[in-house]
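Close look at the chain arrangement
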Amino acid sequence: MKAFPQQPTYTGFNEPSRVEADVCDLEVEGELPLDLNGTYYRVGPDPQYAPRLGSDIYFNGDGMVSMFRFKNGRVDLKSRYVRTDKFKLEQEAGHALFGAYRNPWSDDPAVQGKNRGTANTNIVFHNGQLLALKEDSPPVAMDPDTLETIGNWDFNGKLSSQTFTAHPKIDPQTGEMVCFGYSATGVDTPDIAYYVVGPTGEIVHEVWIKSPYNCMIHDFGVTRDFVIFPIVPVVSSAERAKAGRPTFGWDGTKDIYLGVMPRRGTARDVRWFRAPNQFASHVMNAFNEGSKVHIDMPRAESNMFPFFPDISGKPFDRERAAARVTRWTLDFNSKGDTFEARQMTSLVGDFPRIDDRYAMESYRHGYLCVSDLTKPYDALRGGSITGMFINCLGHIDLATGKHEEYFVGPTSTLQEPVFIPKSATAAEGEGYLAVLANRHEELRSDLLILDAQRLADGPIATVHLPVRLRQGLHGNWVPATAA
Ligand code: V55
Ligand code: FE
């Protein structure tokens, strides 16, 4: 195959690894707790081929899944590419056929109309199925033990949307998967298809609504009684895409909206709340107290994605891209269309996580990737392709506003953490955080296990990987009792 271009996205720690690994009994420094019993799945972009157009953004690489299986103080690693339609077509051709991110007009005519999904953003377990997700396409089912790709999953023919979010929410009490697709009728369309999937994998509720404007809806909020669609102006344009410019860009003039609907509501029930231009993408958690609805999101003054440039040509503003977890509160029964904002922490960061047993309800503990620029770092080695420089892991106590940080050192960066409860009945926050450390000096990865209640103490176990796992996006923990 053709060599990858000598660009920051493809060199050093970011060089595509393309390695599918099987390592039995990884080397452990310290002791793995004996109550770590289950599997951590995560996924990220790892391009199979050099980009068709000479360069590409990180978000467009082929999904590579890793699986860490823990039992009896030991851990095994398995990693596999998701055999998406795109992956198979390109492997057959021996080169890239699909072009720019979310731009079907930049593809080789031979693949016009084909599924462009890369399955590179999240991997979730529901109804005994492992689903690899990219928000522009349907889920791809994988075998939870072998990581063999089973194929595109359409919920027994019932998935009416062309797309499916990478951030579905699983209700820990009912087992339902609450989810949606945006740009549901194609690139740069306003249609949002909302679904409730029952615990046995059947779509049991479907609603179609229209977004106030065409944009990326990367994540959403789900409470016991409501769903919340954050509409933020990372806007799309088919016109720009056809002209060979980025499909998505930042519009610094548009308001943001929160579209709120009862979980089993209809399109007529949706209420749109409104606030001035600002940025938010990921949801830490959401919950409601009667008609009072709270949604917690890392919020920034402006765009956090340098690779989705300002559509008016303004340069990227790193300071205004700093995000802090903020609680937005609205009353579904209020007369007006405004909502309140309260900043919950001074920590700057994203990739928010919780103890998922407390999803959709009032909760106390949040975890996230933190960018602490007061700490020393080696600029040569600490390169970032996500747009965010992550050197700390943070814990926020939302009841007190206090926080705790673990600093990974000047030549390492961190990926998104996952919370692992000590047991099914442990109190909220009683458990571990697993987090991949990118060792920029050694071009290698470590999986760190920390006590979620004592982050500042550092890892209780460091799992040394003999390989490098490229910067990933999201993942989830599946206890052995659930698999
Ligand atoms: C994100 C990541 C994506 C994507 C859209 O915010 C948004 C993260 C890895 O792909 O397609
Ligand atoms: Fe995400």
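Keep in mind that this is a model prediction, so the values were computed, not measured.

Focus: the coordination of the iron ion (ligand 2)
Bound to the iron ion (ligand 2) on the protein side are His 167 (NE2), His 218 (NE2), His 282 (NE2) and His 474 (NE2), at distances that span 1.9 to 2.1 Å. Taken together, the four donor atoms coordinating the iron ion (ligand 2) and their angles of 92 to 159 degrees define a geometry best described as irregular. Taken in sequence order, the residues that donate to the iron ion (ligand 2) follow the motif H-x50-H-x63-H-x191-H. Of the two residues, His 167 sits in the loop between β9 (149–152) and β10 (169–170) while His 282 sits in the loop between β20 (279–280) and β21 (285–289), which places them 115 residues apart along the sequence. One exposure class covers both His 167 and His 282, and it is buried.

Some thoughts on the pairing of strand β11 (residues 177–182)
Among the six residues in β11, six count as buried, and that is most of the element. Going residue by residue along β11, you find Met 177, Cys 179 and Gly 181 tucked away on one face and Val 178, Phe 180 and Tyr 182 tucked away on the opposite face as well. The sheet contact formed by β10 and β11 spans two bridges and is antiparallel. Within β11, the position partnered with Ile 170 by the bridge is Met 177. Taking the residues that link successive antiparallel strands as the turn, the β10-β11 hairpin has six residues, and the phi of Gly 175 there is positive, at about 80 degrees. Bridge analysis of β11 against strand β12 (residues 191–197) gives six bridges, and the strand direction is antiparallel. Following the sheet pairing, Cys 179 is matched in β12 by Tyr 195.

Description of the packing of aromatic side chains
Pairs of aromatic rings are described using the distance from one ring centre to the other and the angle between the two planes. This structure, assessed with the given rule, holds 30 aromatic pairs. Ring plane angle 35 degrees and centroid distance 5.5 Å describe the contact between Tyr 101 and Phe 308, whose orientation is recorded as tilted. You can see Tyr 101 sitting in the loop between α1 (85–93) and β6 (122–126) and its partner Phe 308 sitting in the loop between β22 (292–300) and β23 (324–331), a full 207 residues away along the chain. Both residues of the pair, Tyr 101 and Phe 308, count as buried. Between Phe 248 and Phe 308, the ring centres sit 5.8 Å apart and the planes meet at 50 degrees, which makes this aromatic pair tilted. Here Phe 248, found in strand β17 (residues 248–250), pairs with Phe 308, found in the loop between β22 and β23; they are 60 residues apart in sequence, far enough to count as distant. What makes Phe 248 buried here is its relative accessible area of 3%.

Section: the site of ligand 1
By nearness alone, every residue bordering ligand 1 is listed as Phe 59, Tyr 101, Asn 120, Thr 121, Lys 134, Glu 135, Met 216, His 218, Ser 281, Phe 305 and Leu 473. One of the side-chain nitrogen or oxygen atoms of Lys 134 is found 2.7 Å away from an oxygen atom of ligand 1. At 3.3 Å, a side-chain N or O of His 218 approaches an oxygen atom of ligand 1.

Details of the side chain of Ser 137
When you line up the elements, Ser 137 lands in the loop between β7 (129–133) and β8 (140–142). In contact with Ser 137, not counting residues within four places along its chain, are Asn 115, Gly 117, Gln 162, Thr 163 and Phe 164.

As for the sheet that holds β10
Here we have four strands laid out as an open sheet, ordered β10-β11-β12-β13, and antiparallel in their pairing. Lying at the two open borders of the sheet, with one neighbouring strand each, are β10 and β13 (203–210).

Digging into the UniProt feature "binding site: Fe cation" (unreviewed entry) in the chain
Mapped onto this structure's residue numbering, the UniProt feature "binding site: Fe cation" (unreviewed entry) falls at His 167, His 218, His 282 and His 474. Annotated residues spanning 308 residues; largest pairwise C-alpha distance 12.5 Å, indicating a single compact cluster. Note that His 218 resides in the loop between β13 and β14 (221–222). Note on His 218: relative accessible area 13%, which makes it buried. If we ignore the near neighbours within four places in the chain, the residues touching His 218 are Thr 121, Glu 135, Thr 165, His 167, Ser 281, His 282 and His 474. Within the local environment of His 282, its side chain forms a polar contact with the side chain of His 167, the two groups lying 3.3 Å apart.

Digging into the environment of His 395
Counting through the fold element by element, His 395 comes out in strand β27 (residues 392–397). Along the primary structure His 395 and Val 370 are separated by 25 residues, whereas in three dimensions their C-alpha atoms are 9.4 Å apart. For His 395, the residues in contact, after removing those within four places along its chain, are His 365, Gly 366, Tyr 367, Lys 402, His 403, Glu 404, Ala 452 and Leu 455. A polar atom in the side chain of His 395 sits 2.8 Å from the side chain of His 365.

The rules behind the values
Residues numbered from 1 in each chain as written. Chains lettered and ligands numbered in written order. Predicted model: local features only at pLDDT ≥ 70, side-chain atom pairs only at ≥ 80, totals over all residues. Heavy atoms only, no water. Donors = N, O, S within 2.8 Å, 3.2 Å for Na, K, Ca; no water. Tetrahedral: all angles 85-135°; square planar, octahedral: opposite > 155°, others 65-115°. Helix = DSSP H or I, 4+ residues; strand = E, 2+ residues; numbered from the N terminus. Buried < 20%, exposed > 50% of the residue type's maximum accessible area, 1.4 Å probe, protein only. Pairing = 2+ DSSP bridges. Phe/Tyr/Trp six-rings, centres within 6.5 Å; stacked < 30°, edge-to-face > 60°. Near = heavy atom within 4 Å. Polar contact = N/O pair within 3.5 Å; in protein donor to acceptor, adjacent residues only side chain to side chain. Contact = heavy atoms within 4.5 Å. UniProt positions renumbered as here; feature names shortened; annotations may be inferred.

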